[in-house]
Amino acid sequence: VIMSEPTNLTLECGDAGNAAAITAWTMANGNMLAVDACDAVTYSFTAGTSETLCGMTSSTPYTFTAMDACGNSISAVAYLNTIDTTAPTPGAPTTANSVACDGAVGVTLNAWLGSAIGTDNCSATVATTYSLIETVESCDGDNTEIIYTYAFVFTDECGNASSLVTSNFTVFDD
């Protein structure tokens, strides 16, 4: 007789304590409790096939079994779920953020936009999107300066997003 079903274990992807938590959970038989009126109960478990979800997240069924001395057994399933609720770490553009107006403006701007890269501990790739949110033109005598302000959004494979809003690219008149 099962007195209490095993409980699911849900862990955040990439947490340092995950291995210890899984060991504790399986050693506690998924928190399953079984009682036999005549004999002591022994427990065992088997891990099923893991289903990959998004990024490095997954869901794995564990079958926990309680058996008495006569070989009578009863089993129940609980799931080890690895989730990702953490947004990527935004990465500001790293290449040159200014260029003379008679220089390679398009090439320099594209290289600068492409150097904004987010990182994530649960996704192999992080998508980066950007949009121009402001253009400010100023003059100092005969010299013109244009400052483009871009907003960047970094999205991991599980749909978690973070943003970087104030990155400027300057085109100056030399």
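For the structure, see preceding data.
Calculation rules
Sequence order as written defines residue numbering, which begins from 1 separately in each chain. Local features are withheld for residues below a pLDDT of 70 in this predicted model, meaning they are given only at 70 or higher, and side-chain atom pairs are given and counted only at 80 or more; totals for whole chains, interfaces and linings count all residues. For the side-chain quantities, the full set of heavy atoms in the structure was used; hydrogens and water were omitted. Aromatic rings from Phe, Tyr and Trp, with only the six-membered ring used for Trp, were paired whenever their centres fell within 6.5 Å, and each pair was classed as stacked if the ring planes differed by under 30 degrees, edge-to-face if by over 60, and tilted otherwise. A helix here means a DSSP run of H or I that spans at least four residues, while a strand means a run of E at least two residues long, and both kinds are numbered starting from the N terminus. Summary of the burial criterion: residues with accessible area below 20% of their type's maximum are buried, those above 50% are exposed, and those between are partly exposed, where the area comes from a 1.4 Å probe applied to protein chains only. The rule for pairing is simple: two strands pair if DSSP sees at least two bridges between them. Lines fitted to C-alpha atoms define the axes here, with helix axes fitted over just the stretch in contact, and angles between the N-to-C directions of these axes take values from 0 to 180 degrees.

Participant: Explain the packing of aromatic side chains residue by residue, including any values.
Facilitator: Scanning the entire structure with this criterion turns up 12 aromatic pairs. For the pair Trp112 and Phe169, a centre-to-centre distance of 5.4 Å together with 45° between the ring planes defines the contact as tilted. Of the two residues, Trp112 sits in helix 2 (residues 105-114) while Phe169 sits in strand 11 (residues 161-172), which places them 57 residues apart along the sequence. You'll find Trp112 and Phe169 in the same group, each marked buried.

Participant: I'd like a description of the sheet that holds strand 8 (residues 98-100), backed by residues and values.
Facilitator: Paired through backbone hydrogen bonds, the strands of a sheet run either parallel or antiparallel to each other. Reading across the sheet, the 4 strands line up as 8-11-10-9 and stay open at both edges, with mixed pairing between neighbours. Only two strands of the sheet have a single neighbouring strand rather than two, namely strand 8 and strand 9 (127-140). Ignoring which end each strand starts from, the neighbouring axes of this sheet average 20° apart. With 3 bridges joining them, strand 8 and strand 11 adopt parallel strand pairing. Opposite Ala100, over in strand 11, you have Phe172 as the bridge partner.

Nothing here speaks to function; it is all geometry.
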